[in-house]
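Chain and residue survey
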Amino acid sequence: MKPLFQPAAALLLAALSLLSTSGFLWAQCSPPVGLDDIQVGLISTPFPYTSLTPVPADLSVLPPLPDPANEIVRREHAYISSSAARDFGIAPYDRSGDYTVNPNWQAPNPQIRVLIEDQTFCNFEKVTTSTPSDCRAGDLRQDRTRKSSAIFTVVGVIQSHLPRVWIYRQATTGDATSGQYKLFAQDEASSAGQRVRKVKAFPDANNDGMLDNVWARVFITPVSQSRIERPGQTAVVDQHYCEPDGSKGSLTDRALVTGDPRFALLVPHGGAIEKNTSLQIDFVRDILESAPYSIPTNVWELKGEWGDDQTHPRWHITSTNQHEESAFPALRTLLDEPPFSATHAFERTLAMHGFDSDQLDLIVGGGAALGDKCLLVDRIADSLEEVGRSRRSIAIVILDPAYPDGLEISDDQDRDVVRRDLDGDSPHNLVNRLAARGGLQIEQSKALREDTAAQLRFAVARGAARAIGDLLAGADSTTACDAYDPP
């Protein structure tokens, strides 16, 4: 039996706080702390909620179980044992304790970091070398043997006196949208040099539902570094533990705290998770913090890097489940500032996201008023003209309950960019939970974000910033949709 490290509830107290203006100081990382000796199991269907105790008295009707056919569920959801939940301090297993794992799996729930410490996994990078791989003889692509680390959202607590975590198994061989692939990816190269999605498999000889000889270290704080910045002050860097393979992989959160509760910019999938969304931060700030607006811009950025085409599956956390209470220390610091109101931290919020499309597509959603979304589109169109592009050079769709099929502002190309799953209007979405006037969410296609001239993504950022500035200045958006209203 491996030694039990200190409970994760004490993780922040044990973290090493450093003053730095640089990135990670890898040689000075504090030792990993959390729960050691966690067993890992695979599931194909969710556990029934009858396994959950205590059941909150005010929850008379339990929500439906997660749909195991859903990609997000298969990739991002996990269950933990009552023993682990108790030691984490996120779900005391008694009737009088605080029940902080929400039985509604669609609502915000805590994230955990699962680190496989006793196995190494061979993932290749897309670099052809003249030296055979150190993982598979004869493979002339550059591989690296590394430990595995990934983020999961806890959606249930199961009665067990043993520390355990369960994730979703692969539906089919080569399935890359499962928790099993996320944690145990061991890709290979085909004879043509293409990536072949595979996992490292483990037996369950005693049929107890847990993988043999697989032990994980699990952390209640998923990020390995938090960075707090305030205007005119040295950044405070809190390092929680090292990544398993040094600087080649990281998940960090950063907050720029201004003390002004009017506006916050959220980039919840920065770095390489949704590429180039982080690069839009400074353009939003430049517009808002200059005349005529002069609005200090709060920022929260969750930034992930991994490589091997695995950054997104390992670090992506759907925004309806990003849990600010304990999982992200920099966000928690930002929210500890005096709020805009008794119920909301900020007056307005804007979230920059990305989705996978090879066309120039943009989707505007969020919980803000429909007119606010149309005003946002109008300001983006103005910015496109400033860089010499047509106002309709990209296909834009506004998603709002008033338009179930989407309000399309076409670029005159025959394609459908409506993605109802990207509407961003859930009250659980971080961008809406924090904003008194509802959040605005921008989803940008891969083609738009990776525009080689960078004009498009920067025009989107500048236009969005101007919309926020105008709305905070009291602009009337009630007629902003008239130009886009379908006949």
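Our structure is the block above this text.
Presented here is a report on the structure given in the accompanying data block. (Residues numbered from 1 in each chain as written. Predicted model: local features only at pLDDT ≥ 70, side-chain atom pairs only at ≥ 80, totals over all residues. Heavy atoms only, no water.)

1. So, the side chain of S477
Position of S477 relative to the elements: it lies in the segment after α11 (455–472). Only 2.6 Å separates the side chain of S477 from the side chain of D372, close enough to count as a polar contact. Apart from the residues lying within four places of it in its own chain, the contact partners of S477 are G371, D372, L375 and L471. (Helix = DSSP H or I, 4+ residues; strand = E, 2+ residues; numbered from the N terminus. Polar contact = N/O pair within 3.5 Å; in protein donor to acceptor, adjacent residues only side chain to side chain. Contact = heavy atoms within 4.5 Å.)

2. Points about the packing of aromatic side chains
Considering all chains together, one arrives at eight aromatic pairs under this definition. Ring plane angle 35° and centroid distance 5.9 Å describe the contact between F121 and F184, whose orientation is recorded as tilted. Of the two residues, F121 is situated in strand β4 (residues 111–128) and F184 in helix α4 (residues 179–184); the sequence distance between them amounts to 63 residues. The same class applies to F121 and to F184, which are both buried. The ring centre of F458 lies 5.0 Å from the NZ or CZ of R457, which sits over that ring. (Phe/Tyr/Trp six-rings, centres within 6.5 Å; stacked < 30°, edge-to-face > 60°. Buried < 20%, exposed > 50% of the residue type's maximum accessible area, 1.4 Å probe, protein only. Lys NZ or Arg CZ within 6 Å of the ring centre and 35° of its normal.)

3. Focus on unusual backbone geometry
That bond from A291 to P292 is cis: its omega, 10°, falls within 30 degrees of zero. Within the fold, P292 resides in the loop between α5 (281–288) and β14 (298–305). Residue N207 is not a glycine yet carries a positive backbone phi of 55°. Among the secondary structure elements, N207 is positioned in the loop between β8 (195–196) and β9 (210–219). For N213, which is not a glycine, the phi torsion comes out positive at approximately 60°. Inspection of the secondary structure assignment puts N213 in strand β9.

4. Topic: the environment of P427
With respect to the element layout, P427 can be found in the loop between β18 (403–409) and α9 (430–433). Exposure remark for P427: the relative accessible area of 61% places this residue in the exposed category. In this structure the C-alpha to C-alpha distance between P427 and G367, which are 60 residues apart in sequence, comes to 7.3 Å.

5. Some remarks on the pairing of strand β13 (residues 263–271)
Most of β13 sits out of view: nine of its nine residues are buried. Here β13 runs beside strand β15 (residues 348–355); their pairing, made up of four bridges, is parallel. The residue of β15 that forms the bridge with A264 is T349. Both β13 and β14 contribute to a ladder of six bridges, which runs parallel. Bridging across to β14, G270 finds its partner in K303. Handedness of the β-α-β unit built from β13, α5 and β14 comes out right-handed. (Pairing = 2+ DSSP bridges. Right-handed = clockwise from strand over helix to strand, strands pointing away.)

6. Concerning the packing of α5 against α11
Axis separation between α5 and α11 bottoms out at 8 Å; the angle between their running directions is 40°. Put simply, α5 runs oblique to α11. Viewed along their axes, α5 and α11 form a crossing whose handedness is right-handed. Across the interface between the two elements, F283, V284, I287 and L288 from α5 touch F458, A461, R462, A465, R466, I468 and G469 from α11. (Axes fitted to C-alpha atoms, helices over the stretch in contact; angles between N-to-C directions. Parallel < 35°, antiparallel > 145°, perpendicular 65-115°, else oblique. Left-handed = near helix turned anticlockwise from the far one by under 90°.)

7. Some remarks on the state of the cysteines
Each disulfide is one covalent bond, formed between the sulfur atoms of two cysteines. Within the structure shown, the criterion is met by one disulfide. Residue C374 pairs covalently with C481 via a disulfide, S to S 2.0 Å. Given an S-S torsion of about 95°, the disulfide between C374 and C481 has right-handed geometry. Within this pair, whereas C374 is found in helix α8 (residues 370–386), its partner C481 is found in the segment after α11, the two being separated by 107 residues in sequence. Owing to a relative accessible area of 0%, C374 belongs among the buried residues under this scheme. According to the relative accessible area criterion, C481 is buried, its value standing at 10%. (Disulfide = S-S within 2.5 Å.)

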